Amino acid sequence: MTYVMSLFLLGLVLGLVAVSSNPSPYFAALGLVMVAGMGCGVLVSHGGPFLSLVLFLIYLGGMLVVFAYSAALAAEPFPEGWGSRQVGVYMILYGLGVGLVSNMFWEGWYEVSWVPADELDGFTMFRGDIGGVAMMYSLGGGMLVLSAWALLLTLFVVLELTRGLSRGSVRAV
Amino acid sequence: MTPVHFAFSSAFMLGLTGLAFHRTHLLSALLCLEGMMLSLFIALSLWTLQLDSTNFSGAPMLLLAFSACEASAGLALLVAAARTHGTDHLQNLNLLQC
């Protein structure tokens, strides 16, 4: 289990290295999918299946799909992947940076446990995070209403920004 | 720093440097911002799970909701820029010529 956890954490960091080296957005979205998948694995290994499912459904299935088809706006004839020289230099720099900083910390990693010790590991249906999220409907009702209001406001912000016909923020179309 | 904390902290810092040293596309800067929000979601969820404070599980969900607001506003700006200039290249956003 420690090995699986270390693979998930490695995939997380390497995926974000692949995103932040700024290749063409098609490839950066792929890197973000990998980061979200590995992050879900980390959350499941810590005993939070509901938050992991929320991440998969809402983040990958909702937000990243929107980013993926918005990548059509960044169309170029020769998209730069991770093999091009500029992107590759950034990737090597970021990888070396993470390695050098982790050098300061990694002696202690032999002593700690990488995975939590969890009683009733696979045998409960009611995990803590499911009950905790349900609190959003009872005591956290104010924040629920506030976030719903913020989402409604964002809808009108987006509609105003993309109004078109030289009204709003768009001039030509 | 435990390995899990180092992983999402370095993920956040990597996203921040990717956002700071952006190259050509506005969309790749927005994707680095999304990577930062993803690392923050993982950080808040791990706070909940490692410290057994399950009442805090609502916080990563609310973070996801507000991050969706921010992503949609950023994408609307991207669409507006692409409609005005034809592409989302950052070198075209040069009205402020100081």
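In the annotation of an unreviewed UniProt entry, chain B is listed under the name NADH-ubiquinone oxidoreductase chain 4L and assigned to Gasterosteus wheatlandi. Here chain B is described in UniProt, under the heading Function (unreviewed entry), as follows: "Core subunit of the mitochondrial membrane respiratory chain NADH dehydrogenase (Complex I) which catalyzes electron transfer from NADH through the respiratory chain, using ubiquinone as an electron acceptor. Part of the enzyme membrane arm which is embedded in the lipid bilayer and involved in proton translocation."

Looking at an unreviewed UniProt entry, one finds chain A named NADH-ubiquinone oxidoreductase chain 6, with Gasterosteus aculeatus as its source organism. In the Subcellular location (unreviewed entry) part of its UniProt record, chain A is described as follows: "Mitochondrion membrane". The UniProt entry for chain A carries the following comment under Sequence similarities (unreviewed entry): "Belongs to the complex I subunit 6 family."

## What to know about the overall build of chain A
Along its length, chain A carries six helices and zero strands. Order of helices (α) and strands (β) in chain A, N terminus to C terminus: α-α-α-α-α-α. Within chain A, the proportion of its 173 residues that are buried is 37%. For chain A, the share of sequence-separated contacts (at least 6 apart) that also reach a separation of at least 24 residues comes to 63%. Surface exposure of chain A reaches about 10100 Å², of which carbon and sulfur atoms provide 74%.

## Some points on the state of the cysteines
Scanning the model with the defined rule gives zero disulfides over all chains in all. Of all cysteine sulfurs in the structure, the one in Cys32(B) sits closest to Cys40(A), which takes part in no disulfide; the separation is 20 Å. Judged by its relative accessible area of 3%, Cys40(A) is buried.

## Focus: the interface of chain A and chain B
Contacts between chain A and chain B engage 68 residues on the former and 60 residues on the latter. With both chains or domains summed, chain A and chain B bury close to 5600 Å², and 80% of this area falls on carbon and sulfur atoms. A per-residue breakdown of the area chain A buries against chain B is headed by Asn22(A), Phe67(A) and Leu73(A), which together make up 13% of the total. The interface formed by chain A and chain B includes one salt bridge. Where Glu80(A) meets Arg23(B), a salt bridge forms, and the shortest distance between an N and an O atom there is 2.5 Å.

## Thoughts on the side chain of Ser45(B)
For Ser45(B), the location among the structural elements is in helix H2 (residues 26-50). When its relative accessible area of 0% is taken as the criterion, Ser45(B) is described as buried. Contacts of Ser45(B), omitting those with residues within four sequence positions, involve Leu43(A), Leu51(A) and Pro60(B).

## Considering the environment of Leu49(B)
All names here are of chain B. Summarising the element assignment, Leu49 is placed in helix H2. Judged by its relative accessible area of 12%, Leu49 is buried. With 10 residues separating them along the chain, Leu49 and Ala59 place their C-alpha atoms 12 Å apart.

## Notes on helix H4 (residues 85-102) of chain A
Taking 1.5 Å as the rise per residue, H4(A) with 18 residues should run 26 Å; its terminal C-alpha atoms sit 26 Å apart, in good agreement. Within the sequence span of H4(A), burial applies to Val87(A), Gly88(A), Tyr94(A), Val98(A) and Ser102(A). Seen from one end, H4(A) has its buried residues packed into an arc of 130°, which puts them on one side. Residues of H4(A) that are exposed and angled more than 90 degrees away from the buried face: Arg85(A), Ile92(A), Leu93(A), Leu96(A) and Leu100(A). In this structure, the buried residues of H4(A) make contact with helix H1 (2-20) of chain A together with helix H1 (3-20) of chain B.

## Quick word on the packing of H4(A) against H1(B)
Look at H4(A) against H1(B): their axes get within 11 Å of each other, and the N-to-C directions meet at 145°. The crossing of H4(A) and H1(B) is right-handed. Here H4(A) contributes Tyr94(A), Val98(A), Val101(A) and Ser102(A) to the contact with H1(B), which in turn contributes Phe6(B), Leu14(B), Thr17(B) and Gly18(B).

Conventions and cut-offs
- Residues numbered from 1 in each chain as written.
- Chains lettered and ligands numbered in written order.
- Predicted model: local features only at pLDDT ≥ 70, side-chain atom pairs only at ≥ 80, totals over all residues.
- Heavy atoms only, no water.
- UniProt positions renumbered as here; feature names shortened; annotations may be inferred.
- Helix = DSSP H or I, 4+ residues; strand = E, 2+ residues; numbered from the N terminus.
- Buried < 20%, exposed > 50% of the residue type's maximum accessible area, 1.4 Å probe, protein only.
- Contact = heavy atoms within 4.5 Å.
- Areas by Shrake-Rupley, 256 points an atom, 1.4 Å probe, with all protein chains shown as cover.
- Disulfide = S-S within 2.5 Å.
- Buried area = accessible area lost by both parts, 1.4 Å probe.
- Salt bridge = Lys/Arg side-chain N within 4 Å of Asp/Glu carboxyl O.
- Expected span 1.5 Å × (residues − 1).
- Arc of directions from axis to C-beta.
- Axes fitted to C-alpha atoms, helices over the stretch in contact; angles between N-to-C directions.
- Left-handed = near helix turned anticlockwise from the far one by under 90°.

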